[in-house]
Amino acid sequence: MTVQKLPIAKAINESLRKAMETDPKVLVMGEDVGKLGGVFRVTDGLQKDFGEGRVIDTPLAESGIVGTAIGLALRGYRPVVEIQFDGFVFPAYDQIVTQLAKMHARALGKIKLPVVVRIPYGGGIGAVEHHSESPEALFAHVPGLKVVSPSNASDAYWMMQQAIQSDDPVIYFEPKRRYWDKGEVDTEAIPGPLHKARTVVEGSDLTLVAYGPMVKVCAEAAAAAAEEGKSIEVVDLRSMSPIDFDAVQASVEKTGRLVVVHEAPVFYGAGAEIAARISERSFYHLEAPVLRVGGYHAPYPPARLEEEYLPGLDRVLDAVDRSLAY
Amino acid sequence: MTVESTAARKPRRSSKRTGSSAGKAVADPQLVQLLTPEGQRVEHPDYDVDLTPEELRGLYRDMVLTRRFDAEATALQRQGELGLWASLLGQEAAQIGSGRALRDDDYVFPTYREHGVAWCRGVDPTNLLGMFRGVNHGGWDPNSNNFHLYTIVIGSQTLHATGYAMGVAKDGADSAVIAYFGDGASSQGDVAESFTFSAVYNAPVVFFCQNNQWAISEPTEKQTRVPLYQRAQGYGFPGVRVDGNDVLACLAVTRSALERARRGEGPTLVEAFTYRMGAHTTSDDPTKYRADEEREAWEAKDPILRLKTYLANEGHADEAFFASLEEESETLGKRVREAVRAMPDPDRMAIFENIYADGHALVDEERAQFAAYQASFADGEGK
Ligand SMILES: Cc1ncc(C[n+]2csc(CCOP(=O)(O)OP(=O)(O)O)c2C)c(N)n1
C-alpha cells in the first residue's frame, strides 16, 4: 500500500523522514524539534530514529538557526529548519533576506543554498499575539527566495520532498490550522512540478484563486455557490514565488472573473500582484475588476476577534456576488 | 492590598549584618542564599537583608497570593475561559524578591510570565488575563505602574529596557530599569545586543534572568555551556547567581544591583536559579521531555514552604496569620474567576482602533467598509 490517509502535519513528518532516509545530508533543525517533536509534533520521532546529530535542537535564536543553516548548506548539507511560529521568523529575517536570498547570485551561481525554512503560518487557532500571522508576501517580494504553501496532505508530502531537493532556498509555509486535516497521500506517485497551480474545483462563471489555509474555504464557497446555480472554479496556487500565472490566466480567460483570497492583509499582498498581472494579461477577457478578499490593514487581532478578521465563507461569497454583479 | 508595604521602603543593605538567629551557616558564595530550603537563615559575605517580621510576612503573603492567582488562571484555562496560560509556579520567590526590591519610579520590562512582578507593581491581576483570554494584546497602561506590556517575542524587551535606561541616564534621573527574561532567551541576538549597549552606555539596567532550567523542551545546556551569570563578565559588567527560590536572597541581590545602577555604575546580570514546576504553558506537555524525579527534587526547594518554615520557627507568624491569608487567597481566586467570566468580548470595531496615532486613510476606508458589511447582516440583508 502506498496510499495512506494522513493529517497534513503527519504527511510533512513522513516526508522529512523519507528525505532523511534517502539523503544523509538532510538535517532538521529548530527549537524543540528533537525530543518534543516540535510544538505541533511535525518532527515527532525523527530525533529518536536519526539521532541528535541530524535532528538538532537549537538554541533559542532564529537568526542563529538560519545563519548556521546557511553555513551548513555551504558545506554540502541540506538543512530543513523550523521556525516555531510565523511571528518569530523576524529575528531570522535579516539572515533570510540579506544573506540566504542573495548568496547564489553574488557567487556568480557557483554556490547553492538548498535551505528549507518551514514556517507554520496563519490564524484560526485561537492563539495569542505573533502566532497567527501570514507574512508570505514579505518573502515572496524578495528575489532569490522561492515561497510555497501546501493546502492538503498530498501536497504537504510532495512539496516538502521537492523543496528539499531544490538547490534554491525555499520558504515552506505550513497552514497550521489545517495540520489536522486528513487527506490521501500516495508516497509513490509522480508529483507535478513544485510551482504549478492546481485546479481544485472546475467552474465557468468565476475563478477563485487561493493558497494554503484559504483553499478549503474557497472550495466550500464554490460548493455553496453551486447550490445557487453559480459555477465557480477554484485554483490552488501552491506556490507564491514563482506564481503560475499561466494557469491563473487560462482559468480567468475561461470564466471572465477573478477573486483572489488570502488571510494576509490585502494591502501590498499577493492579491495585488495577481490582480495586476492578470489585468495586464487578460484585460479583454475580464468582465469585472479583479477583486481581493483578505486581512485588513490592522495587526492580527486578539483571538476573540479573529473570526471577524479572517476571510470566511460569507466574505468570499460576498466578493463572488460583487464580481458577478458587474 | 498592602503592596506598598515593602515597595516604598528604602533599600537597606546593611554592611554589618544583624540577623537574629545565632550560629548562621555560610552558604555557597557562588549561589547567593539567605534562606535554605529547610527554612534556615544563612549568611552570605556580600548580601543581606534586614527585615521586620511584618515585612517578612508581607513577602510571604505576596508569594501565596501570586501562587493562588496563578493556580486560578491555570484552572480558568482548563475550563475554557482562557485560551492559554503561562504559569509561574515555582518562580514566586524570584519574582516577589526582585519585584519588592523596586522603587515606584523604576521601570519594569517583563516577558509573558511575570505575574508576580506585576503584583508587586500594583497591576490589577485581572488585567493580566485579557491577552490570555484573547480579548486584547495587552490590557494595561504601561505608564500607570511603570510596568511595560508583556512581550512574547523572546528577548526583545531587553533592548527596550536598555534604551529606556539610556533615557533615564540622559535625563539625569536616579531611577533604575529591570528587564526580565528566561534562560532560553539568553541565546537571542537581542539579548546579546542589549548587554553590549548597556555596557557601552553604562545604562542603569538590571537584567534579571529567571533560569527555570527549561525553554519549552530544551534544557539550559542547549543554550549555554557556562553558567549564565558568567556571561556578564565578557561584556564588562558583573553577573551574580542567586537562589531563585529564596525570596530574601532575590530581594537582597536585586536591591544591590538596582543601587549600583542608580549610582551610575551600569548594568548587572542577575541569574535567579529556579525551576518551572509546571508546564511551559497550558499548551505544553512536559512528560514528553522531562523526568518526574527532577520536579520532585525541586519541589523540596519550594520557595513558599521555606519562608513559611522560617516564619513559623522564628515566631514571626502565627496560625491566625496563615488562616487569614488562606481566606484572602480564596477571595482573590473568586474575584479573578468572576472578573474573567465577566470579561466581555471586544467590540468588532476594535480591530481598527489604535493602529496609528495620527490616523491612516486606508484604515478609515476599511473600517467603513467593515462597518457597512457588518450592518448588512444586522439589516437581514446579508447572506
Ligand atoms: C523569537 C521567539 N522564538 C520562539 C518563541 C516561542 N517560544 C515561546 S516561549 C519559548 C521558550 C522560552 O524559554 P525561556 O526564555 O527560558 O523562558 P521561560 O518561558 O522558560 O520562562 C519559546 C521557544 C518566541 N516566543 N519568540
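Coordinates for the structure precede this section.
An account of the accompanying structure is given in this report. (Residues numbered from 1 in each chain as written. Chains lettered and ligands numbered in written order. Predicted model: local features only at pLDDT ≥ 70, side-chain atom pairs only at ≥ 80, totals over all residues. Heavy atoms only, no water.)

## Describing the overall build of chain A
Next, step 1: On a plain count of helices and strands, chain A comes out with twelve helices and 14 strands.
Next, step 2: Relative to the compact-globule value of 20 Å for 326 residues, chain A shows a C-alpha radius of gyration of 19 Å, a close match.
Next, step 3: Across its three principal axes, chain A shows a C-alpha extent of roughly 60 × 40 × 40 Å.
Next, step 4: Classification of the 326 residues of chain A by burial places 59% in the buried group.
Next, step 5: Across chain A, contacts joining residues at least 24 apart in sequence account for 81% of those joining residues at least 6 apart.
Next, step 6: Split by element, the accessible area of chain A, about 12,400 Å² in all, is 53% carbon and sulfur. (Helix = DSSP H or I, 4+ residues; strand = E, 2+ residues; numbered from the N terminus. Rg over C-alpha atoms; globule rule 2.2 N^0.38 Å. Buried < 20%, exposed > 50% of the residue type's maximum accessible area, 1.4 Å probe, protein only. Contact = heavy atoms within 4.5 Å. Areas by Shrake-Rupley, 256 points an atom, 1.4 Å probe, with all protein chains shown as cover.)

## Observations concerning the interface of chain A and chain B
Next, step 1: Between chain A and chain B, the residue contacts involve 41 residues of the former and 45 residues of the latter.
Next, step 2: In total, about 3,600 Å² of surface goes out of reach between chain A and chain B, with carbon and sulfur atoms giving 60% of it.
Next, step 3: Our enumeration of links across chain A and chain B arrives at four salt bridges.
Next, step 4: Between A:Asp44 and B:Lys288 there is a salt bridge whose closest N-O contact spans 3.3 Å.
Next, step 5: Taken together, chain A and chain B are joined by 17 residue pairs in polar contact (both at pLDDT 80 or more). (Buried area = accessible area lost by both parts, 1.4 Å probe. Salt bridge = Lys/Arg side-chain N within 4 Å of Asp/Glu carboxyl O. Polar contact = N/O pair within 3.5 Å; in protein donor to acceptor, adjacent residues only side chain to side chain.)

## A word on the sheet that holds strand S5 (residues 205–211) of chain B
All names here are of chain B.
Next, step 1: Ordered in space as S3-S4-S5-S9-S8, the five strands form an open sheet in which the pairing is parallel. Each of the sheet's edge strands pairs with one partner strand only, and the pair in question is strand S3 (107–109) and strand S8 (239–243). Neighbour-to-neighbour, the strand axes of the sheet open up by a mean angle of 20°, direction not taken into account.
Next, step 2: Relative to strand S4 (residues 177–182), S3 is paired through three bridges, and the arrangement is parallel. Directly across from Val108, in S4, lies its bridge partner Ile178.
Next, step 3: Against the sheet, helix H8 (residues 189–200) makes contact with S4, S5 and strand S9 (268–273), and its axis sits at roughly 150° relative to S5, the strand it touches most. (Pairing = 2+ DSSP bridges. Axes fitted to C-alpha atoms, helices over the stretch in contact; angles between N-to-C directions.)

## A closer look at the packing of aromatic side chains
Residue and element names in this part refer to chain B.
Next, step 1: Scanning all chains against the criterion turns up 42 aromatic pairs over all chains.
Next, step 2: Residues Tyr60 and Phe321 carry aromatic rings whose centres are separated by 6.1 Å and whose planes lie at 50° to one another, so their mutual orientation is tilted. Within this pair, whereas Tyr60 is found in helix H2 (residues 53–78), its partner Phe321 is found in helix H13 (residues 319–342), the two being separated by 261 residues in sequence. Accessibility classification places Tyr60 together with Phe321 in one group, the buried group.
Next, step 3: Their ring planes at 45° and their centres at 6.0 Å tell us that Phe197 and Tyr201 sit as a pair that is tilted.
Next, step 4: In this structure an aromatic cluster arises from ring pairing among Phe69, Trp85, Phe132, Trp140, Phe147 and Tyr150. (Phe/Tyr/Trp six-rings, centres within 6.5 Å; stacked < 30°, edge-to-face > 60°.)

## Observations concerning the sheet that holds strand S14 (residues 291–295) of chain A
All names here are of chain A.
Next, step 1: Here we have five strands laid out as an open sheet, ordered S9-S11-S10-S13-S14, and mixed in their pairing. The open sheet has two edge strands with one neighbour each: strand S9 (198–201) and S14. Each strand axis lies, on average, 25° off the axis of its neighbour in the sheet, ignoring direction.
Next, step 2: Pairing of strand S10 (residues 206–210) with strand S13 (residues 258–265) involves three bridges; the strand directions are parallel. Each bridged residue has a counterpart across the sheet, and for Val209 the counterpart in S13 is Val260.
Next, step 3: Relative to the sheet, helix H9 (residues 245–255) contacts S10, strand S11 (232–236) and S13, its axis offset from that of S10 by approximately 155°.

## What about the side chain of A:Asn13?
Next, step 1: Structurally, A:Asn13 can be placed in helix H1 (residues 8–22).
Next, step 2: Other than its neighbours up to four places away in sequence, A:Asn13 contacts A:Arg41, A:Val42, A:Thr43, A:Asp44 and A:Leu46.

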